[in-house]
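Chain residues, written in single-letter form:
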Amino acid sequence: MARAILFGTPVSPGIAIGRVRFMHKARQDDERRITADEVAAEQQTLRAAAESVRASLAATMENVPEDLSEYRDVIAAQMEMARDPKLLKATLARIEHNRVCAAWALKLTVDELCALFRSMDDAYLRDRAQDIRAVGLRLREHLAADPARNADEETPGVLVAEDLSPADVMELNLDQVMGILTAEGGPTSHTAILSRGMHIPCLAGVTGLVDIARDGETAVVDGLGGCVLLSPDEADETRFAARREEYTAWEDLTLKSARWPAEMCDGVRVEVQANLEGTNELGALARCGADGVGLYRTEFAYFTDRMPTEEELLAEYAAVTQKTAPNRVVFRTLDVGADKMLHAQAVLKEPNPALGLRGIRFCLRHQGIFRTQLRALMRAGALGNVAIMLPMISCLDEVQQVRRIMQELHQELAAQNLNHAPLLPLGVMIETPAAALVCDSLARECDFFSIGTNDLIHYIMGIDRNNRHVAYLNEPLHPAIVRSLKHIIDAAHREGIGVSVCGELASDPFGLALLLGMGVDTVSAAPRFVPGMKHIIRQFNAQTCMDMANSVLLSTDVAASKRMVRETLQQSLGQELAFHTTSLFTHSQP
């Protein structure tokens, strides 16, 4: 029997068995008191560690590849935090007044600052606690100057950390990482995105992880069921090793049939498309069998020290368009804000960017940036099947403003004799409660809808979806969410336009069945999930999904809704259900 079983949110499927390797594991023997004569030396040690951290982060930033250029801004922010007076001055003062060593003083200061930020109402400011913690862990590691970590890096194992920052990710030797476990984070964190792309089983938000796990002990990472077994017995290891083999065989099966159409048992066909982060993922597009690109995130080209030119954007968009042709690629226009900040936006110093000038709001305020992007998209549209999608729409006027801008750009491009597509399909992301409530009028102005379930749930439920304290409210089967989804889908279909879902719910088998039952035309997800989604759809019956969705819509009991969905999937998928990761049944209660 395992020494301990911990639970978390599965963010990358699969099963891994290996020895625990801590990243930034603070030593417990660095909590010691010092004499007055030692104060100056400890303070100098701290200053030297801060300088060393800034230097190592600078070196890491230089090695960030272009396709992950958005990481540079996050690393730069950590470099600034390593010299932040609130952190360093408070720690230096604590060394002097409390007569404690630098590592202990730093730990107390970081804990105090994290508690302060986590108690704030503002979601953006609460997130800064994770940045402070990441820098604090790096500083403590430099203070400990423990050479053991470098030796351990070349040993395959299960990586355990409170959280992984982009700088941590850049420094990892991923060939030696069998699985990843973090105490913080969620399905949309950098760690989750990376682990899915690298096919590394991963759990985030694992309760009690850092305190309970022991360096070097064997751990089983169940990225399907959402649990971690620490020091499993022989029977456990044998059982999970067998499950790992079964899951690998199932994945191979879905890859072999990935190019088959996603057609349900009664003949209803569904488009399954891929969400792409950048051109580096184009190779995965053909392998996964995607029916086009349902969401191409364009913002990463902007996370540099200068704005991209029209020609640079055109080169990127043309590459994606030509690779995807004849299938359609849906480009989401620049979406910055919340955790994604441009230099031009940072000067605004908004107290809550998640509710501020992000998405279409930013673009309409900074039309010079927006027009350059739209010109590049219209020119790329002449090379293939292109559609444009607007994020963070709240009202009809925003869509109408964009149409007027595109008409002006058409005249400009025609006057310059530049080849372009004058009438690209224009759609909107339905991800705010305002858009959901006025979707009937939006449908008359748009060519398609795409529902961003991540943000829609976030805003309807009034939560930060990465905050583990309110994770239980990230509930897709809440009646408010289910009824909003149905209202949006029906409004689109009444006006004869298609509806896609590009949020996390589309790749969840329980969510997928519900969405298909409500009449969604297209679903899209990370390339990793596309073969499995198409395989699932081929096991479903459209009428069964519809009956199940109608029952859920009539229910006000979330637990009862979950039972109905599970029973339907059990009938359709049988034992295969165990190979699918779902977040619908892993949220802890308050």
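Before reading on, note that the structure itself is shown above.
All values reported here derive from a predicted model rather than from experimental measurement.

How each quantity is defined
Residues numbered from 1 in each chain as written. Predicted model: local features only at pLDDT ≥ 70, side-chain atom pairs only at ≥ 80, totals over all residues. Heavy atoms only, no water. Pairing = 2+ DSSP bridges. Helix = DSSP H or I, 4+ residues; strand = E, 2+ residues; numbered from the N terminus. Axes fitted to C-alpha atoms, helices over the stretch in contact; angles between N-to-C directions. Contact = heavy atoms within 4.5 Å. Parallel < 35°, antiparallel > 145°, perpendicular 65-115°, else oblique. Left-handed = near helix turned anticlockwise from the far one by under 90°. Nonpolar A, V, L, I, M, F, W, Y, C, P; charged D, E, K, R; others polar. Core = buried A, V, L, I, M, F, W, Y, C linked by side-chain atoms within 4.5 Å. Buried < 20%, exposed > 50% of the residue type's maximum accessible area, 1.4 Å probe, protein only.

### As for the sheet that holds strand S9 (residues 271–276)
Right, so step 1: Strand order in this closed barrel of eight strands is S9-S10-S11-S12-S13-S14-S15-S16, and the pairing throughout is parallel. In this sheet, neighbouring strand axes are inclined to one another by 25° on average, regardless of whether the strands run parallel or antiparallel.
Right, so step 2: Judged from the three bridges that link them, strand S12 (residues 386–390) and strand S13 (residues 426–430) form a sheet pairing that is parallel. What sits directly across from Leu390, in S13, is Val428.
Right, so step 3: Here helix H22 (residues 530–537) sits on the sheet and contacts S9 and strand S16 (522–525); the angle it forms with S9, its principal contact strand, is near 165°.

### Comments concerning the packing of helix H12 (residues 310–324) against helix H15 (residues 367–380)
Right, so step 1: For the pair H12 and H15, the least separation of the axes is 8 Å and the interaxial angle reads 40°. Our classification of the angle between H12 and H15 gives oblique. Relative to H15, the crossing made by H12 is right-handed. Judged by residue contacts, Glu310, Glu311, Leu313, Leu314, Tyr317, Ala318 and Thr321 of H12 engage Thr372, Gln373, Arg375, Ala376, Leu377, Arg379 and Ala380 from H15.
Right, so step 2: Tallied by class, the residues present in the contact of H12 with H15 amount to seven nonpolar, three polar and four charged.

### Comments concerning the nonpolar core
Right, so step 1: Counting 99 residues, the largest nonpolar core has Phe370, Leu390, Phe449 and Phe540 as its most contacted members.
Right, so step 2: Residues Ile34, Leu113, Ile132 and Leu139 belong to the second largest nonpolar core, which totals 33 residues.

### What to know about the sheet that holds strand S5 (residues 177–182)
Right, so step 1: Pairing within the open sheet is mixed, and its eight strands lie in the order S1-S8-S7-S3-S4-S5-S6-S2. Unpaired on one side and paired on the other, strand S1 (4–7) and strand S2 (9–12) mark the two borders of the sheet. With strand direction ignored, the average angle separating the axes of adjacent strands in the sheet is 30°.
Right, so step 2: The strands touched by helix H10 (residues 234–256) are strand S3 (15–22), strand S7 (218–222) and strand S8 (227–230); relative to S3, the strand with the most contacts, the crossing angle is about 120°.

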